[in-house]
Each structure stands twice: as structure tokens, then as C-alpha cells.
Amino acid sequence: MTAAIMTSIEPPARSVFETSPEKLRPFLESLAARVSGGSNWMVRKKTVCDLLLGLDAFFALPAAERSALMADDASSDTPTDAEGGPEDFRKVLPLYVGAILEGLRETAIASPEQAAIYLLSIHPEHQAAAEAWMLADPRNGKSVRRLMREDRRYRQLMDRMADHWRSAQGRSA
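Here the residue numbers are simple positions, counted from 1 along each chain's written sequence. A pLDDT threshold of at least 70 governs which residues receive local features in this predicted model, and a stricter bar of 80 or more applies before side-chain atom pairs are shown or counted, although totals over entire chains, interfaces and linings include all residues. Processing note: side-chain calculations cover all non-hydrogen atoms of the structure and skip hydrogens and water entirely.

Novice: Any chance you could explain the nonpolar core here in plain terms?
Specialist: As a rule of thumb, nonpolar side chains are buried together in soluble globular proteins. Put simply, buried Ala, Val, Leu, Ile, Met, Phe, Trp, Tyr and Cys residues joined by side-chain atoms within 4.5 Å make one nonpolar core. Think of it in three bands: with a 1.4 Å probe and only protein chains considered, a residue is buried below 20% of the maximum accessible area for its type, exposed above 50%, and partly exposed in between. With 42 residues, the main nonpolar core has L28, L52, Y96, I109, I117, Y154 and L157 as its most contacted residues. Contributions of two or more residues to this core are made by α1 (16-19), α2 (25-36), α3 (41-60), α5 (86-104), α6 (112-118), α7 (124-136), α8 (138-150) and α9 (152-172). Per-element tally for this core: the top contributor is α3, with nine residues. Dropping the residues within four chain positions of it, I109 is found in contact with I5, M6, T7, I9, Q114, A115, Y118, H126, A129, A130 and W133. Numbered from the N terminus, helices here are DSSP runs of H or I no shorter than four residues, and strands are runs of E no shorter than two. Only heavy atoms enter the contact rule, under which two residues are in contact if any of them lie within 4.5 Å.

Novice: What should I look at first to understand the pattern of salt bridges in this one?
Specialist: Any two side chains of opposite charge can pair if their charged atoms end up close together. One speaks of a salt bridge when a side-chain nitrogen belonging to Lys or Arg is within 4 Å of a carboxyl oxygen belonging to Asp or Glu. Across all of its chains, the model carries seven salt bridges by this definition. The shortest N-O distance in the salt bridge between D56 and R160 comes to 2.6 Å. Of the two residues, D56 sits in helix α3 while R160 sits in helix α9, which places them 104 residues apart along the sequence. For R160, a relative accessible area of 22% gives the class partly exposed. Shared partners join several salt bridges into a network, and the residues in it are K46, D50 and R153.

Novice: Honestly, the packing of α7 against α8 in this entry has me stumped. Any pointers?
Specialist: For any two helices packed against each other, the geometry comes down to the angle between their axes and how far apart the axes lie. Here α7 crosses α8 at 120°, and the two axes come no closer than 4 Å. Here α8 runs oblique to α7, going by the angle between their axes. Contacts between α7 and α8 involve W133, M134 and A136 from the first element and N140, G141, S143 and V144 from the second. Residues are grouped as follows: Ala, Val, Leu, Ile, Met, Phe, Trp, Tyr, Cys and Pro are nonpolar; Asp, Glu, Lys and Arg are charged; every other residue, Gly included, is polar. A breakdown of the residues in the contact of α7 with α8 according to their chemical character gives four nonpolar, three polar and no charged. Whenever a helix is involved, its axis is fitted only over the stretch in contact; in every case the axis is a line through C-alpha atoms, and angles between N-to-C directions fall within 0 to 180 degrees. Every angle not falling under 35 degrees, over 145, or within 65 to 115 is termed oblique; those three ranges are roughly parallel, roughly antiparallel and roughly perpendicular.

Novice: Please clarify how the packing of aromatic side chains should be interpreted in this entry.
Specialist: The description of two aromatic rings rests on the distance between their centres and on the angle between their planes. Think of it this way: a Phe, Tyr or Trp ring, Trp meaning its six-membered ring, pairs with another when their centres are within 6.5 Å, and the plane angle makes it stacked under 30 degrees, edge-to-face over 60, tilted otherwise. Within this structure, the stated rule accounts for two aromatic pairs. Between F27 and Y96 the ring centres are 5.5 Å apart and the planes differ by 65°, which places this aromatic pair in the edge-to-face class. One end of the pair, F27, is in helix α2; the other, Y96, is in helix α5, with 69 residues separating them in the sequence. The two residues F27 and Y96 agree in class, both being buried.

Novice: I keep staring at a positive patch on the surface and nothing clicks. Help me out?
Specialist: Grouping into patches uses exposed residues only, defined as over 30% relative accessible area, and leaves out salt-bridged ones; the cut-off is 9 Å for like charges and 5 Å for nonpolar side chains (Val, Leu, Ile, Met, Phe, Trp, Tyr). A 1.4 Å probe and the Shrake-Rupley method give the accessible areas. Residues count as covered only by the protein chains that appear here. We score Asp and Glu as negative and Lys and Arg as positive, and we do not count His or the chain ends. A charge is said to be at NZ when it belongs to Lys, at CZ for Arg, at CG for Asp and at CD for Glu. The grouping of K142, R145, R146 and R149 at the surface amounts to a positive patch. The topology assignment puts R149 in helix α8. The exposed category is assigned to R149, whose relative accessible area is 54%.

Listed below in C-alpha cells is the structure:
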């Protein structure tokens, strides 16, 4: 069992909601609302992984199939930009995680599941809070690393996000 250490989360300097296109905001808000319904971070982590892996699968479909599915379900909150493919979507996954976490408005990290998701956010403040929590007690870091190894859905999400991190490193080099 991990120590009951809580690490504060600084509010992001740049809000995903303020910098995103107006038509994307309701979708981002719906993602945050779905995750906030989770009773604890074990449930929220599963919800984040399932939502984003589902969206990844949707964007992996050919553009014509995506358009047809969206036409069949006019009430869908899926972004209506059917042009982007899986590579484009995977590059924005950290933005979606950041929006979800912004929507939760949490002030502290207190569990390995929470820290693991915060590590995936586009916000440096979220990543820093997760890293500080992991460093606050060696058991915290160990529990997050174990989760990364053993949770299949989380590992799949990390693999899909690797595209974003590689492209970000290429831009900063």
C-alpha cells in the first residue's frame, strides 16, 4: 500500500479549453464529465483509458467509415473532423488528457492511478505534480511503475501517445 502522501497540482498556465477551437470545447467538456463520474481513481483511470482507446480505434477507421458512423449517430459527441487519421489523433491524445484533468479541477495527487494519468497530460504542471508525488516516497514511484507494466489498457494508451512525445522531441531538437 502506498503512503498517504498528497502532492499539490498547480493550475495549468495555458488552458486547453481557452486555446482549443470553439467547436471542440463541448466534446472536451463531455470527456471530463464522463471521467468525473468515477467514484475513485481506479475507476477514473479505466474510464480515461477506455474513452481514449475507443476514440483511437474510431480514428483508425477509414475516413468514409468514420463519416458514415457519425451520420448514423447525429447525437455523437465525437469531433466531426473526419479528415484526420490515427496519426493525427494520437498526436492530440495528451491534449485530451489535459482537458479531462482540467475539467476535474483537482488540487492534489494521492494515488498511483491518478499519477499515471497525470503523467500523460499535455500540461507540464500535471506532469510535474505526478513526478513530485512519485519522488515523495519510493513506494509511490514503484506503484506507478508497476501499474505501467501490468495495466494492459494503460500500456496501450502509452504506446499510442508515443507518437506525440516523439514529434514533440523532434520539434525541440
